[in-house]
Structures are given as structure tokens and as C-alpha cells.
Amino acid sequence: MILLDTELLADGDVEGTLVYFGSGSTEEYTKWFMQEKAITPVFFDSAIFEDGIMYDE
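Residues numbered from 1 in each chain as written. Predicted model: local features only at pLDDT ≥ 70, side-chain atom pairs only at ≥ 80, totals over all residues. Heavy atoms only, no water.

Looking now at the environment of V42. Here V42 shows up in the segment after β3 (39-41). The contact partners of V42, leaving out residues within four places of it in the chain, are M1 and L3. (Helix = DSSP H or I, 4+ residues; strand = E, 2+ residues; numbered from the N terminus. Contact = heavy atoms within 4.5 Å.)

Here it is in C-alpha cells:
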């Protein structure tokens, strides 16, 4: 998962725009990862965070 324009909130959470979600071995992942703008890559085991991630549209 790659977040763009991230901000660290007072409660320690990180908020940003989700620009990529998937395997790290794709051409699209490489495009986002290698760009000039700062990104926040997030790696996690989905079994651990099953109920702990919230997405806003």
C-alpha cells in the first residue's frame, strides 16, 4: 500500500491519499515508489490488521 500527501495526526495515526494497493512486484507499484514526490509505503500482514484499517473515499 502506498500513501501520498501523508500527515501525522495528534493521536499518532497517519492520514493520506491511497494511491496504490497490491503486490509490490508490479510495474504500477514501481512507478509510484520511484516518483519524485514523497510517499509513505505501508507493508502489513492483512491477517493482523483485519479490523484495524479504515478507508475513506
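Once the structure has been displayed, the description carries forward.
With that settled, the discussion passes to the sheet that holds β3. Taking strand neighbours across the sheet as the criterion, the three strands line up as β2-β1-β3 in an open arrangement whose pairing is antiparallel. Edge positions in the sheet fall to β2 (14-20) and β3, since each of these pairs with one other strand and no more. Averaged over all adjacent pairs, the angle separating strand axes in this sheet is 45°, with direction ignored. Both strand β1 (residues 2-8) and β2 contribute to a ladder of five bridges, which runs antiparallel. Bridge pairing in β2 links L3 to L18. (Pairing = 2+ DSSP bridges. Axes fitted to C-alpha atoms, helices over the stretch in contact; angles between N-to-C directions.)

Bringing unusual backbone geometry into the picture now. Positive phi values are uncommon outside glycine, yet D5 reaches one of about 55°. Assignment of secondary structure puts D5 in strand β1.

A separate point is the nonpolar core. In terms of nonpolar packing, the biggest core is built from six residues, these being I2, L4, V19, Y20, Y29 and W32. Of all the secondary structure elements, the ones that give two or more residues to this core are β1, β2 and α1 (27-33). Contact partners of Y20, with chain neighbours within four places excluded, come to M1, I2, T26, E28, Y29 and W32. (Core = buried A, V, L, I, M, F, W, Y, C linked by side-chain atoms within 4.5 Å. Buried < 20%, exposed > 50% of the residue type's maximum accessible area, 1.4 Å probe, protein only.)

The values are spatial; any link to function lies outside them.
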